[in-house]
Amino acid sequence: MKRILMLATGGTIACEPSEDGLVPRLSGGAMLAFLGETSLPCEIEVRELMNLDSSNLQPDDWETMARAVAESCEDYDGFVITHGTDTLAYTAAALHQMLKNLAKPVIITGAQLPLAAPGSDGPRNLRDAFFVACEGVPGVYVVFHGAVIDGGRAKKMHTESFAAYASVNAPLARITARGVRWKERRPVPVEPLELVTGLERMVCVLKLVPGTSPRLLDMLVDAGYRGVIIEGFGAGGVPNDGRGSFLPSIRRAVEKGVTIVCASQCVFDGVDLSRYPIGVLAARLGAISGGDKTVETLTVRLMQALRHCGSAEEVREAMERPV
Ligand code: ASP
């Protein structure tokens, strides 16, 4: 029998109704009771880390989750983390990056409806998560509505549909009646597990709309932000003509040592700064392409790079490294 540690953190899956709306209250043990007689190929132990709406999670909480996995990694065959769906993709990206050389599966799941609600997707997602954890494929994965998504590639696309997550720019695996159809199985790393903590909090995302003033970027730099992800349009890049060019503000930011990353408001396919002058000129000034990564992954990656890298060149290398 495999031994799986369930780490409960809250979210709708653990919610009960209250006067103020849904509040996460179920204990991990109570959540397991919703699996009923389902026979799972594992023994489960439960640890409650927190019971929060995931919109209230902070980067410190990612570290708490990563530490809980790292400290028990030798003792279990895998981990299931129950989590709110709203910021689950950030947590998945964070754990994917913090747990370097992870040799065990860490499966994050949640639900669109509380476990006790009629027709809830919670029992299925939770059961699937344990099944995937028992497969033994190392790495951090999001399991939701029959999909298995790489932790660095997940994005919440729907607030209500049960198929809430997309796998961005990477194939997903599917849970079928005959088990999990993996697209590729990560090999077990030979190096020992390394817990990489330390995140720079002065990182933010600046989402552009037509007409956004470049003064906003100046203000972020003056407020002490050390990294700004500019979520621009299409293939990336920033306005560059006389009526609102971002180029002087990017030059100023880079000269002050602030990292600028260009991301896209499009979910799929990624950034190509070489395609138009809006990208080429920004890149010439030192803006880094977000490539095909999600904004969630870019955010965590930048937080980590700014804390761990010694030079702007090292930050660039870290940002450009594949997911
Ligand atoms: N607000 C909830 C949360 O993220 C939503 C959910 O879990 O579906 O905690």
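Residues numbered from 1 in each chain as written. Predicted model: local features only at pLDDT ≥ 70, side-chain atom pairs only at ≥ 80, totals over all residues. Heavy atoms only, no water.

Trainee: Can you walk me through the site of the ligand in this structure?
Mentor: Taken together, Gly-11, Thr-12, Asp-53, Ser-54, Gly-84, Thr-85, Asp-86 and Ala-111 make up all the residues around the ligand. Thr-85 places a polar side-chain atom, nitrogen or oxygen, 2.5 Å from an oxygen atom of the ligand. Contact distances for the ligand include 2.7 Å between a nitrogen atom and a side-chain N or O atom of Asp-86. Here the ligand loses 90% of its free accessible area of 260 Å² to cover by the protein chains. Taken together, the residues of the shell around the ligand break down into one nonpolar, five polar and two charged. (Near = heavy atom within 4 Å. Polar contact = N/O pair within 3.5 Å; in protein donor to acceptor, adjacent residues only side chain to side chain. Areas by Shrake-Rupley, 256 points an atom, 1.4 Å probe, with all protein chains shown as cover. Nonpolar A, V, L, I, M, F, W, Y, C, P; charged D, E, K, R; others polar.)

Trainee: It is not clear to me how the packing of aromatic side chains should be interpreted in this structure. Could you clarify?
Mentor: Two aromatic rings are characterised by how far apart their centres lie and by the angle between their planes. This structure, assessed with the given rule, holds three aromatic pairs. Ring centres 5.2 Å apart and planes at 70 degrees place the aromatic pair Tyr-141 and Trp-182 in the edge-to-face group. With Tyr-141 in strand 8 (residues 139-144) and Trp-182 in the loop between strand 13 (179-181) and strand 14 (194-195), this residue pair connects regions lying 41 residues apart in the sequence. Neither Tyr-141 nor Trp-182 differs from the other in exposure class; each is buried. (Phe/Tyr/Trp six-rings, centres within 6.5 Å; stacked < 30°, edge-to-face > 60°. Helix = DSSP H or I, 4+ residues; strand = E, 2+ residues; numbered from the N terminus. Buried < 20%, exposed > 50% of the residue type's maximum accessible area, 1.4 Å probe, protein only.)

Trainee: Can you walk me through the sheet that holds strand 12 (residues 173-176) in this structure?
Mentor: Taken in spatial order, the eight strands line up as 4-1-5-7-8-9-12-13 in an open sheet, and their pairing is mixed. If you trace the sheet from one side to the other, it starts and ends with strand 4 (42-52) and strand 13, each paired once. Going across the sheet, the axis of each strand differs from the next one's by a mean of 25 degrees, ignoring polarity. In this sheet, strand 8 lies alongside strand 7 (residues 105-109) in parallel orientation, the contact comprising four bridges. (Pairing = 2+ DSSP bridges. Axes fitted to C-alpha atoms, helices over the stretch in contact; angles between N-to-C directions.)

Trainee: Would you mind showing me how to read the sheet that holds strand 17 (residues 259-264) here?
Mentor: The strands making up a sheet associate through hydrogen bonds between their backbones, and the pairing can be parallel or antiparallel. Taken in spatial order, the four strands of this open sheet run 15-16-17-18, and their pairing is parallel. Only two strands of the sheet have a single partner each, and these edge strands are strand 15 (203-207) and strand 18 (288-289). Both strand 17 and strand 18 contribute to a ladder of two bridges, which runs parallel. Within the sheet, the bridge partner assigned to Val-261 lies in strand 18 and is Ile-288. Here helix 8 (residues 295-308) sits on the sheet and contacts strand 15, strand 16 (227-232) and strand 17; the angle it forms with strand 16, its principal contact strand, is near 160 degrees. (Contact = heavy atoms within 4.5 Å.)

Trainee: Help me understand helix 4 (residues 122-135), please; the structure alone is not making it clear to me.
Mentor: Taking 1.5 Å of rise per residue, 14 residues should cover 20 Å, and helix 4 covers 20 Å from first to last C-alpha, within 8% of that figure. Where burial is concerned, most of helix 4 is hidden: ten out of the 14 residues are buried. A positive backbone phi angle near 80 degrees is found at Gly-136, which sits one or two residues after helix 4. (Expected span 1.5 Å × (residues − 1).)

So yeah, pure geometry; function would need other evidence.
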